[in-house]
Amino acid sequence: MDRAGRWAGLPLLVVLIAVWILLTVQGRAVRSGEFLIGDCPYYASTAVSLWTDGDLDLRNQLRGGLPVHQRQIALGVKGQWFPKHPVLMPLLSVPFYATLGVAGFLLFNSLVFAGLGIVVWMLCRRHVSPALSTLTTAAILGGTFLRAYVYNYSPDLFAAFLFLAGLLLVLQDRPLPGGGCLGLSVMAKVTNLFSLLIVMGFLCFRPRRRDALLVASGALPFLVGMALLNTAMFGSPTTTGYDRTLVLEHGSPTTISHRGFFDLPLLEGVQGQLFSQRTGLLTTSPLLLLALPGMLLLLRRHSWEGLLVLSLAEFTFLLFSTYRWWATSHYGNRFLMAPVALAAIPLALTLEEIRHGLRRTRRLPVVVSAAMADP
């Protein structure tokens, strides 16, 4: 296939996503920060602090004291109010805020959403035609809870984009840059470290085992940078803001670690993540059921890739089934964005099989008629 044929259909997808974003944002406030919901204001405050103060201490940005902001900030080694959340997205958002103010955060999110769509399209394109890749990508972005994060400033969308971009590069036999993107995804969401290790583990079962080392080499600089930042902020390379979260207990400030919040009974979490009315996968993204037969096709045709996709999705789902606060999303389960986007691959195979079935059905009457006419 020539280069032009390989990329055919991608410009149409980009146009569709751009139009969709504009229609979604049209008539809504873009400068008031209305789209900053949940944890988003704290990511935005980090970017503001970096631009205005040149530091990560949020005491100048947050008003109201601990009674207002407890559980959303972390205690630094010298008493600073550091971000509890990863700082990569705010850091990259600084130029957007400096240029457009609060509206810059929405523009940044729109670019990330479009980037995720392009990566999903490219993952699908490895298996199906450009037209089916475009249809599948549009279905995943618009037919799942991902659509609720267009008008947002979503760190989970950002982390999913980086992880899937890294995975795509690995699947394209580009392990070094793939490892770099996967390392960045860990900086964006610390639990992506497990997914990085899963990818490296699977690469050990391929003929080119050195690809696992190349992925590790690509990721290492970003993991070291994250460790150095943790040390400067919290005194230890393995201590993150989630381990030093500030709370008030009986009126006195203390710190808690989110590691202790992975204590929800597994079956309770599984049931909630599947069937919860506001955040369950089957209620907010029933389209994903169509990916199930495609998963069987992927496992049969490309067993290594199929097992990798299945393992990444299942591990993430089961991990957050044990997280006490898994349901803290305004719609859908934001912790499962990467698995939902990955479902585009088997969904594309399902749609391809449906198309082939329809073609066979259309040809059948012609064949029957010809047979009846044959003396």
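Criteria and thresholds
- Residues numbered from 1 in each chain as written.
- Predicted model: local features only at pLDDT ≥ 70, side-chain atom pairs only at ≥ 80, totals over all residues.
- Heavy atoms only, no water.
- Helix = DSSP H or I, 4+ residues; strand = E, 2+ residues; numbered from the N terminus.
- Buried < 20%, exposed > 50% of the residue type's maximum accessible area, 1.4 Å probe, protein only.
- Contact = heavy atoms within 4.5 Å.
- Pairing = 2+ DSSP bridges.
- pLDDT = per-residue confidence, 0-100.
- Salt bridge = Lys/Arg side-chain N within 4 Å of Asp/Glu carboxyl O.
- Phe/Tyr/Trp six-rings, centres within 6.5 Å; stacked < 30°, edge-to-face > 60°.
- Axes fitted to C-alpha atoms, helices over the stretch in contact; angles between N-to-C directions.
- Parallel < 35°, antiparallel > 145°, perpendicular 65-115°, else oblique.
- Nonpolar A, V, L, I, M, F, W, Y, C, P; charged D, E, K, R; others polar.
- Patch = residues over 30% accessible without salt bridge, like charges linked within 9 Å, V, L, I, M, F, W, Y side chains within 5 Å.
- Areas by Shrake-Rupley, 256 points an atom, 1.4 Å probe, with all protein chains shown as cover.
- Core = buried A, V, L, I, M, F, W, Y, C linked by side-chain atoms within 4.5 Å.
- Polar contact = N/O pair within 3.5 Å; in protein donor to acceptor, adjacent residues only side chain to side chain.
- Expected span 1.5 Å × (residues − 1).
- Left-handed = near helix turned anticlockwise from the far one by under 90°.

(A) Structural detail: the overall build of the protein chain. A tally of regular secondary structure across the protein chain gives 17 helices and four strands. With the C-alpha coordinates aligned to their principal axes, the bounding extent of the protein chain is approximately 95 × 50 × 45 Å. Residues counted as buried form 51% of the 375 residues belonging to the protein chain. Partitioning the intrachain contacts of the protein chain with sequence separation of at least 6 by distance along the chain shows that 72% fall at a separation of at least 24.

(B) Spotlight on the pairing of strand β4 (residues 252-256). Sheet analysis places strand β3 (residues 245-249) next to β4, joined by five bridges and oriented antiparallel. Note on β4: the bridge partner recorded for Glu249 is Ser252. Count of turn residues in the β3/β4 antiparallel hairpin: two residues, of which His250 carries a positive phi of about 55°.

(C) A look at the confidence of the model for the protein chain. For the protein chain, per-residue confidence averages 93 on the pLDDT scale, and residues scoring 70 or more make up 95% of the total. This model gives residues 366-372 a pLDDT under 50, and the stretch forms zero contacts once residues within four places in sequence are excluded.

(D) Quick look at the pattern of salt bridges. Tallied over the full model, the rule gives ten salt bridges. When salt bridges with common partners are traced through the structure, they connect Asp39, Asp156, Lys189 and Arg334 into a single cluster.

(E) View of unusual backbone geometry. Backbone geometry at Arg71 places phi at a positive 75°, although glycine is not the residue there. Assignment of secondary structure puts Arg71 in the loop between α4 (66-69) and β1 (73-75). Since its relative accessible area comes to 43%, Arg71 is described here as partly exposed. Unlike most non-glycine residues, His250 shows phi in positive territory, near 55°. With respect to the element layout, His250 can be found in the loop between β3 and β4. Judged by relative accessible area, which is 85%, His250 ranks as exposed.

(F) Looking closely at the packing of aromatic side chains. As enumerated under the stated definition, the model contains 17 aromatic pairs in all. Considering the side-chain rings of Phe194 and Phe315, the 5.6 Å spacing of their centres and the 50° angle between planes classify their relative orientation as tilted. Residue Phe194 is located in helix α10 (residues 192-203), and its partner Phe315 is located in helix α15 (residues 303-321); the two are separated by 121 residues in the primary sequence. The partly exposed category is assigned to Phe315, whose relative accessible area is 32%.

(G) Highlighting the packing of helix α8 (residues 155-171) against α10. The interhelical angle for the contact between α8 and α10, taken along N-to-C directions, is 10°, at an axis separation of 11 Å. Of the possible angle classes, the one that applies to α8 and α10 is roughly parallel. Taken together, the residues of α10 that come into contact with α8 (itself represented by Ala159, Phe163, Leu167 and Val170) are Asn192, Ser195, Leu196, Val199 and Leu203. A class-by-class count of the residues in the contact of α8 with α10 yields seven nonpolar, two polar and no charged.

(H) Geometry of the environment of Leu292. Secondary-structure assignment places Leu292 in helix α14 (residues 291-301). Looking at Leu292, the relative accessible area reads 53%, which means it is exposed. Along the backbone, Leu292 and Ser110 are 182 residues apart, and their C-alpha atoms lie at a distance of 29 Å.

(I) Here's a closer look at a nonpolar patch on the surface. A cluster of nonpolar side chains, contributed by Phe275, Leu282, Leu289 and Leu292, occupies part of the molecular surface with about 390 Å² of accessible area. Since its relative accessible area comes to 33%, Leu282 is described here as partly exposed.

(J) Here's a closer look at the nonpolar core. Counting 90 residues, the largest nonpolar core has Tyr153, Leu164, Val199 and Leu308 as its most contacted members. A per-element tally of this core places α8 first, with 13 residues. Formed by nine residues, the second largest nonpolar core is a distinct cluster that contains Ile256, Leu264, Leu319 and Phe335.

(K) Geometry of the side chain of Thr322. As for its position among the elements, Thr322 is in the loop between α15 and α16 (337-342). Separated by 2.7 Å, the side chain of Thr322 and the backbone oxygen of Leu319 make a polar contact. Not counting residues within four places of it along the chain, the set of residues in contact with Thr322 comprises Phe261, Phe262, Asp263, Leu264 and Leu266.

(L) Main features of helix α9 (residues 175-188). Taking 1.5 Å of rise per residue, the 14 residues of α9 would be expected to cover 20 Å, and the 19 Å separating its terminal C-alpha atoms lies within 8% of that figure. Of the residues making up α9, those classed as buried are Pro175, Gly178, Gly179, Gly180, Cys181, Leu182, Gly183, Ser185, Val186 and Ala188. Residues of α9 that are buried make contact with α5 (88-100), α8, α10 and α11 (210-234).

(M) Layout of the packing of α5 against helix α6 (residues 103-125). Across the interface, α5 lies against α6 with an axial gap of 7 Å and an inter-helix angle of 125°. Here α6 runs oblique to α5, going by the angle between their axes. Here α5 runs over α6; the crossing is right-handed. Contacts between α5 and α6 involve Met89, Leu92, Ser93, Phe96, Tyr97 and Leu100 on the former and, on the latter, Ala103, Gly104, Phe105, Leu107, Phe108 and Leu111.

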